[in-house]
Amino acid sequence: MSGRLPTGGRLIDRRLPVEFTFNGKRMEGLEGDTLASALMANGQRLVGRSFKYHRPRGVVASGAEEPNALLTTGHGRREEPNQRATTTELFAGLEARSQNHWPSLEFDIGALNARLSRFLTAGFYYKMFMWPRAFWKHVYEPVIRQSAGLGPAPNARDADIYEHSYATVDVLVIGGGVAGLIAAQSAAAAGARVMLIEQTAAWGGRAMVDGAVIEGQGAEPWVEATTEALAARENVDLRPRTMGAGVYDHGYVLAYERLCDHDPQDGAPRHRLWKIRARQIVTATGAIERPLAFAGNDLPGVMLASAIRDYVVNWGVHAGARTVIVTNNDDAYRTALTLLDAGLDVPAILDARDEVTGALPDEARARGIRVEAGAGIAKVKGAAKVEGVAVCRQGGDGTVTEEIACDAVAMSGGWSPVVHLWSHPGGKLVWNADHALFAPDPDAAPKGADGQPFVIPAGAAAGPGDAGFTTTHALASGAEAGAEAARRTGHKAKAVKPPMADDPAEGPLTPVWVMPQGATPEARGKMWLDFQNDVKVSDVEQAAREGYQSVEHTKRYTTLGMATDQGKLSNINGLAILADSLGEPIPEVGTTTFRPPYTPISMGAIGGEARGALFQPVRRTPVHDWHEANGAHWEPVGHWRRPYTFLREGESVEQAVQREVRNTREAVGLLDASTLGKILVRGPDAGAFLDMMYTNMMSTLPPGRCRYGLMCSENGFLIDDGVVARIDEESWLCHTTTGGADRIHAHMEEWLQTEWWDMKVFTANITEQYAQFAVVGPEARNLLEDIGGMDLSAEALPFMHWAEGQIGGFDTRVFRISFSGELSYEIAVPAGQGRAFWDRLLSVGKPYGIMPYGTEALHIMRAEKGFIMIGDETDGTVIPQDLGLNWAISKKKADFLGKRAQERTHMADPGRWQLVGLRTLNGSVLEDGAYAIGEGRNANGQQSVEGRVTSTYFSPTLGRGIAMGLVREGPNRMGEILQFTRIGAAPVEARIVSPVFYDPDGERQNG
Amino acid sequence: MAETTSALPGARFDGAVLIEEAGLRGMITLKGDLAATRLHSAATGVAGVDFPGQGEANCVGEHGLCWMAPDELLILVPYARAAEDSAAIATALAGTHHLVTNVSDARVIFTAAGPAAREVLAKLTPADLHPDSFRPGQFRRTRLAQAPAAYWMRDAETFEIIAFRSMAAYVFDLLVGAANPAAPVGRY
Amino acid sequence: MLILRCPYCGIDADETELTPGGEAHITRAGPGSSDAEFEAYLFLRENPKGVHFERWRHSYGCGKWFHAARCTATNEVFGTYSAQVTAPPKELCQKISGKRPGWLSRWLS
């Protein structure tokens, strides 16, 4: 059965057919269709199964508020679940599949859930999933989760790209209906920088569908002329297909532009997430029609009256040939008239109001439509689709007065302004009893950085005007909102004169929350409030009976409004039912919180460019490319990539590491140490400043010398270490750990700027100015002397000295420091010379057997020497005293960062865990992080522990496992044997020894 | 002098705008009292341009002075001059509290040129790049996605962008993505 | 997502260009201080619903620390000012008093 009408459809092009598939079946739509209108045109009413009861469901709405028609579209790398058919523009080749059913949409075994519905009522998660315990694993998780769900997450990597874009504007207008258009016009005319965004592809909002009359004709000419005039202005940016997703503090707005959803293609971004700073925001976001709660209101074929009208006018499709209208207001009569105009039957309008006056009902009556006042629907007839309605008196108990055969029902419970964006940043709402809706409270607008309001609602989003939701009101409030926004941003603005609109006089609405008023409990159990989460009138009433009073609690208990549509259709109806059950007025009960995004947005858009190689910045040293080309097995260190080891053909990672250690100890190794932080500290007070920053004395370091320094936080804990070189009378160069440069530089600046601002000290982070290489091993000096240019003898440059000069024509600064225990020179050259210098070292070093080594060999060699590593031996709870570093803590200084903290009783406790070496009796390698088993059990009944392993390696130099660890009173317990845990194996014994395993007298490094 | 290479020699992408690595450039960090006459003369002496006000960059060819902070300037000179000019400034300011250091190798410099330059940059930086808000002569330190960066406009359609050398590849890839010719924004 | 004007470079900086630094005007307690003084310095912080003085660093910009007076409930920013002071400026306190009558603070006395 085709749902396409022979004529009409302002958004479609009947000359351009578009092929697509639904559940594998080929269908044809038209250019301009949404997926929903195309499905309806193909007579496809059933589009999905509900979340909990697997009820058959069809399209209810025509826009972002759609709760039912969630489909999976595309396949493979373009598969995407939970796409609303009503906001999915049709394109050739679109593949759509329904969700949440098995084995098929038509026959769904999960519909059995409906039979179990008495077990699945409000709060069933909390009640039923409690017991018995074994059911967790075998029933609840596999069965219920399987049957309660949306579309499955796709497995393939997303084929599309995404981007962000920042904009700063005076006035952001959200919503491209007549109110938004004229607001933009007003603000732009005043010279403000304006951005106007509209979530759909078309401008004009509902005006054309609702038959608005502007200047004596339909709205279309005015909308077109206004849009064109705006597009021609330099100070206006018009963006269709761009949804205002969230409004945040200080005028920050996220907007979601769908660039290619309607035309998928490779290479162009699919979505663009706008990060907008708006000084003023006009929310012209319209209103959403409310459903009515009557038994069977979720059957496919029951739709919002406005949606039925949209489908006829915009896309030339109908929901049924015979449509019964059920309403509590005049607006639904527009649907009746539209259907008549399209040649379709309207057997009756059931109007819950006792008195039905007003221009639209009069016109309906005059055109021969039967209008039943004071009537409602007792029940919708039909199993999987509408076959008729049982009519009753609205004021009664549901006694059926007659049955009317029909294949569609158009319902209207009145309109609710879209207040979401107003509410996101804290705008308050006020209850309008005449129209039964919450509208923005003009006296409680969201306020910005200056404490002044920064959001102005306009059109239907502001609530009804004196004569209701009229075009006249939309135009007038939009024009004034735009002008006010411009004025607030410092422009001289006058509202543009709105064009003349003619609106029919509408009669008052009567709030109807349950139909009929005295419906039986059985009927209430068939009245859906939240279609997507399957929440019914009976669930909310039950929650109230069980003691729920707060709307926020009721929401979570019943899941009302917690689905992906965030209750756009259900919120007001649900809280009205709750208020009624509690016997409280609706404004007392209040609303739930509106949270961004307005409708779901893609994860891709949120990530923007930050994916794949650009997920995080990767910092590269000047010799990164050489490493890459020479077998580097990478290790991330902060944002840097450092070679963990350099793999050779046929080698395992472990073998490569062992080779690098042996070669460095026996010949010469080369380490890229460019990542180490370098901070220049200069000024007359630099020495005094560094004495505060470091635990040891730096002011007394003579120029030309180096000193190992420790830095603590004010908490006393060790935060960084490194070698400090005195450059000249006023300058020191402080080396930090690889990850520490930015952090320690910021730490220094913080103290200089916020505590000791009288100190005359400047700092500069010059980490990246230099490539720095460590030439390490017994042949290091020979190699460098071969290159030539500087006297690097033990006499000219002793251990812990530095010198400046040229080596092989390179501008170098050479530090005689060693982190390996070997003869070692760390040589800094300008980064631009780094690669050439590296190449020179390798070529000249060839006869000496030079090999580059990575971070793991570095770690092993420092552990063999008992040198600590920040992040291994420290974890934010370790003070230098724990690590046997008392020698590096000045006793002479009155103060340094951390000194006071280290005097606290717990810090001075002799029972603290302290650094020792650990040697397994059997030579094996201890497990990283293994605990030393203590005696007895602790207060929690767990095994007591008295130490833990902080670093553990196989030492190729010693041919056995070595480790460092923190052990209770460790240094006093030399020679003791402790038991260390192993995962899934018996403990292993290790003896407490000195942490210096290799060359304890330092003869090699000093040589 | 030893063989010297810039961070990403020859990197170039011709998309919505032309992105190019600008090669070696001399850069000198100078910290001190920006109100002091001696510092003014030392800085303008090597750069040959007017002293910049708050948030400004005065750049002509390879020379320039950029206002980094209330107590910091970035001095642009030809790469080969940087070491000598740094030393000259140090000499000129001897006896005053200052810090001068050659950072030419610590940075990468890119240009983004073309009518779409503003909207390409606006995909990466939170700063307001509307022509009413940012013009040639202004200098902005901010971020490009997750990388610290600074930029100024050489002319109405050309940005010069500096970032840390280690992040050169990251920033170049960001700019290439933003300059995707299939992703015009049409805002400026 | 806040915007704060850096008093050093005049830029209206996006929150993503800034680093927060917690409560402002904390007095350091060094060696010689009592346990109670040291605890107050290191750990005890105000957590007002309302006017709060706090530290920010323009970390993606000029690198300078500055102070901001902000209402934690509404995010109204009363002003930003130099980090090189030990108390908020008098004029700022007066401005806040004008906007928040009855506002109580140790800085008012």
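Higher on the page you've got the structure.
In this text, all values refer to a predicted model and were calculated from it rather than measured experimentally.

The rules behind the values
Residues numbered from 1 in each chain as written. Chains lettered and ligands numbered in written order. Predicted model: local features only at pLDDT ≥ 70, side-chain atom pairs only at ≥ 80, totals over all residues. Helix = DSSP H or I, 4+ residues; strand = E, 2+ residues; numbered from the N terminus. Buried ≥ 20, exposed ≤ 12 C-beta atoms within 10 Å, placed from the backbone. Contact = placed C-beta atoms within 7 Å. Core = buried A, V, L, I, M, F, W, Y, C linked by C-beta atoms within 7 Å. Nonpolar A, V, L, I, M, F, W, Y, C, P; charged D, E, K, R; others polar. Pairing = 2+ DSSP bridges. Axes fitted to C-alpha atoms, helices over the stretch in contact; angles between N-to-C directions. Parallel < 35°, antiparallel > 145°, perpendicular 65-115°, else oblique. Left-handed = near helix turned anticlockwise from the far one by under 90°.

Colleague: What is the right way to look at the overall build of chain B in this model?
Modeller: Helix and strand counts for chain B come out as four helices and 11 strands. Each principal axis of the C-alpha atoms in chain B carries an extent, and together these give about 55 × 40 × 25 Å. Counting only residues that meet the buried cut, chain B has 56% of its 188 residues in that class.

Colleague: Sorry if this is basic, but what is going on with helix α14 (residues 551–558) of chain A here?
Modeller: Helical geometry: 3.6 residues make up each α-helical turn, so side chains three or four residues apart lie on a common side. Residue and element names in this part refer to chain A. Buried residues of α14: V551, T554, K555, Y557 and T558, and no others. Its buried side turned inward, α14 meets β31 (535–536), α13 (537–545), α15 (571–582) and α16 (586–589). Just downstream of α14 lies T559, where phi reads positive at about 70°.

Colleague: Just to check I follow, could you spell out the nonpolar core for this structure?
Modeller: Considering soluble globular proteins, one finds that nonpolar side chains tend to be buried as a cluster. By size, the foremost hydrophobic cluster in this structure holds 381 residues, and its most contacted members are A187 and V775 of chain A together with V171 of chain B. The leading source of residues in this core is helix α5 (residues 178–189) of chain A, at nine residues. Residues contacting A187 of chain A, with those up to four places away along its chain left out, are V171, A192, V194, G482, A483, A485, A486 and A493 of chain A.

Colleague: What should I look at first to understand the interface of chain B and chain C in this one?
Modeller: Quite often, the size of an interface is put as the accessible area lost when its parts meet. Listed as interface residues are 10 residues of chain B and, on the opposing side, 12 residues of chain C. Mapped by element, the contributors of at least two residues to the side of chain B that touches chain C are β5 (63–69) and β9 (139–144) of chain B. With three residues, β9 of chain B is the single largest residue contributor to the side of chain B that touches chain C. Among the residues making up the side of chain B that touches chain C, the classes are represented as five nonpolar, three polar and two charged.

Colleague: Got a minute to help me understand the sheet that holds strand β6 (residues 80–84) of chain A in this structure?
Modeller: Consider a sheet: its strands pair through backbone hydrogen bonds, and that pairing is either parallel or antiparallel. Residues and elements named next belong to chain A. Reading across from one edge, β2-β1-β7-β5-β6 is the order of the five strands in this open sheet, with mixed pairing throughout. Taken across any chain shown, the strands that pair with only one partner, and hence form the sheet edges, are β2 (25–31) and β6. Averaged over all neighbouring strand pairs, the angle between strand axes comes to 40°, with direction disregarded. In this structure, strand β1 (residues 13–22) lies alongside β2, joined through seven bridges in antiparallel fashion. Bridge pairing in β2 links V18 to G29.

Colleague: Please explain the packing of helix α19 (residues 653–666) of chain A against helix α24 (residues 855–864) of chain A as it appears in this structure.
Modeller: Each pair of packed helices can be summarised by the angle the axes make with each other and by the distance between the axes. Residue and element names in this part refer to chain A. For the pair α19 and α24, interaxial distance at closest approach is 9 Å and the crossing angle is 55°. In terms of axis orientation, α19 runs oblique to α24. By crossing handedness, the relation of α19 to α24 is classed as right-handed. Every residue of α24 that contacts α19 at V657, E660, V661 and T664 is listed here: E856, A857, I860 and M861. Each residue belonging to the contact of α19 with α24 can be placed in one class, and the counts come to five nonpolar, one polar and two charged.

Colleague: Explanation requested: the packing of α13 of chain A against α15 of chain A in the structure shown.
Modeller: Residue and element names in this part refer to chain A. For the pair α13 and α15, the least separation of the axes is 9 Å and the interaxial angle reads 40°. Between α13 and α15, the angle falls in the class oblique. Helix-helix and strand crossings are classified by hand; for α13 and α15 the assignment is right-handed. Of the residues in α15, those in contact with V537, V540, E541 and A544 of α13 are G574, I577, L578, S581 and L582.

Colleague: Whenever I open this one, the pairing of strand β8 (residues 107–113) of chain B confuses me. Can you help?
Modeller: Where a strand is regular, its side chains alternate between the two sheet faces. Residues and elements named next belong to chain B. The buried count for β8 comes to five of seven residues, which makes it a mostly enclosed element. Across four bridges, strand β2 (residues 18–21) lies against β8 in antiparallel orientation. Bridge pairing in β8 links E20 to T111. Two strands pair when backbone bridges link them, and β8 and strand β11 (residues 158–164) are joined in this way by seven bridges, in the antiparallel orientation. Residue V108 lies in a different strand from β11, and its bridge partner there is A163.

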